[in-house]
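Residue strings, one per chain:
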Amino acid sequence: MADNPRDILKSVGIETSGDTYRNLNMPELVEHALARKEGFLASNGGLVVRTGIWTGRSPDAKFTVRDDATEEGVWWAGPNKSATPEQCDHLHQRIVEYFRDKDLYIHDGFVNADPKQRMPIRVITEMAWSAMFSRTQFRRGTPEELENHQPQLTVLHAPQLMLDPEKDGTGLQAGVILSFTKNM
């Protein structure tokens, strides 16, 4: 693959002293998850993980950056909560600082099977099992497609980063913020 994992991380502002892994296969990810004590094998050979206090969606902690790209296209009166570009930058910086000494996993994939609607995505996470989840959630590309993979959306996944509900503006110790301007 053309891109060096560390260069990929730098392109979204991340530098880590930890190891970086890109597009590992399932057996490799299982080995990593077991070695890192992220889970254990069930009697049928499946990986079992404990997600901690966040076991599902947190709709009250989901935000979309309100800016020129979203002002007219998002129904702001409904369940969609807005965040400022400054809040997004603040949370991005928190994640960048948090990832500074972490091993990181990069998964490149695609959303949508229809070639006309297909969108390349990238997930960067601190957990091997989360990279496994990404491999099952998103369509995998061929080696040729991954060679020049240019994501239109990058997900920074830091599930063990606890936020300050007041200072970070999420109201909870977790948060999801989406910036269509930054495609992140």
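The present account deals with the structure reproduced in this document. (Residues numbered from 1 in each chain as written. Predicted model: local features only at pLDDT ≥ 70, side-chain atom pairs only at ≥ 80, totals over all residues. Heavy atoms only, no water.)

**Let's talk about the overall build of the chain**
In step 1: A tally of helices and strands in the chain yields five helices and nine strands.
In step 2: Overall, the chain shows an N-to-C arrangement of helices and strands of α-β-α-β-β-β-β-α-β-β-α-α-β-β.
In step 3: In terms of overall dimensions, the chain is globule-like: its C-alpha atoms have a radius of gyration of 17 Å, near the 16 Å expected for 184 residues.
In step 4: Residues counted as buried form 35% of the 184 residues belonging to the chain.
In step 5: The long-range fraction of contacts in the chain, counting pairs at least 24 apart against all pairs at least 6 apart in sequence, stands at 65%.
In step 6: The distance from the centre of the 21 positive side-chain charges to the centre of the 26 negative ones in the chain is 5 Å. (Helix = DSSP H or I, 4+ residues; strand = E, 2+ residues; numbered from the N terminus. Rg over C-alpha atoms; globule rule 2.2 N^0.38 Å. Buried < 20%, exposed > 50% of the residue type's maximum accessible area, 1.4 Å probe, protein only. Contact = heavy atoms within 4.5 Å. Lys, Arg positive; Asp, Glu negative; His and termini not counted. Charge placed at Lys NZ, Arg CZ, Asp CG, Glu CD.)

**As for the sheet that holds strand 8 (residues 153-157)**
In step 1: Read from one edge of the open sheet, four strands run 1-6-7-8, paired in mixed fashion. Among the strands making up the open sheet, the edge pair consists of strand 1 (20-22) and strand 8. Taking each pair of neighbouring strands and ignoring which way they run, the sheet shows an average axis angle of 20 degrees.
In step 2: Of the pairings in the sheet, the one linking strand 6 (residues 104-111) to strand 7 (residues 119-125) comprises seven bridges and is antiparallel in character. Its bridge partner lying in strand 7, histidine 107 is registered against valine 123. (Pairing = 2+ DSSP bridges. Axes fitted to C-alpha atoms, helices over the stretch in contact; angles between N-to-C directions.)

**Considerations on the layout of surface pockets**
In step 1: Put simply, the largest pocket is a space of about 1700 Å³.
In step 2: Across the lining of the largest pocket, the residue classes break down as 27 nonpolar, 15 polar and five charged. (1 Å grid on protein atoms, 1.4 Å probe; cavity = no way out; pocket = protein on both sides within 12 Å on 5 of 7 lines; lining within 4 Å. Points joined across faces, edges and corners; volume = space filled by probe spheres on them. Nonpolar A, V, L, I, M, F, W, Y, C, P; charged D, E, K, R; others polar.)

**Some details on the side chain of threonine 125**
In step 1: Along the chain, the position of threonine 125 falls in strand 7.
In step 2: Residue threonine 125 is classed as buried on the basis of its relative accessible area, which comes to 1%.
In step 3: Within the structure, threonine 125 has its side chain in polar contact with the backbone nitrogen of methionine 127 (distance 3.3 Å).
In step 4: A distance of 2.8 Å separates polar atoms of two side chains, one belonging to threonine 125 and the other to histidine 157. (Polar contact = N/O pair within 3.5 Å; in protein donor to acceptor, adjacent residues only side chain to side chain.)

**A few points about the sheet that holds strand 9 (residues 176-178)**
In step 1: Across the sheet, three strands lie side by side as 5-4-9; this open sheet has parallel pairing. Strands with a single pairing partner mark the edges of an open sheet, and in this sheet they are strand 5 (81-83) and strand 9. Geometrically, the sheet is characterised by an average inter-axis angle of 35 degrees between neighbouring strands, direction not taken into account.

**Details of the packing of aromatic side chains**
In step 1: Applying the stated criterion across every chain yields a total of two aromatic pairs.
In step 2: Measuring from ring centre to ring centre gives 6.0 Å for tyrosine 98 and phenylalanine 99, while their planes differ by 45 degrees; the resulting arrangement is tilted.
In step 3: With a relative accessible area of 0%, phenylalanine 99 lands in the buried category.
In step 4: Cation over ring: lysine 102 sits above tyrosine 98, and NZ or CZ is 4.5 Å from the ring centre.
In step 5: The ring of phenylalanine 110 carries arginine 118 above its face, with NZ or CZ at 3.8 Å from the centroid. (Phe/Tyr/Trp six-rings, centres within 6.5 Å; stacked < 30°, edge-to-face > 60°. Lys NZ or Arg CZ within 6 Å of the ring centre and 35° of its normal.)

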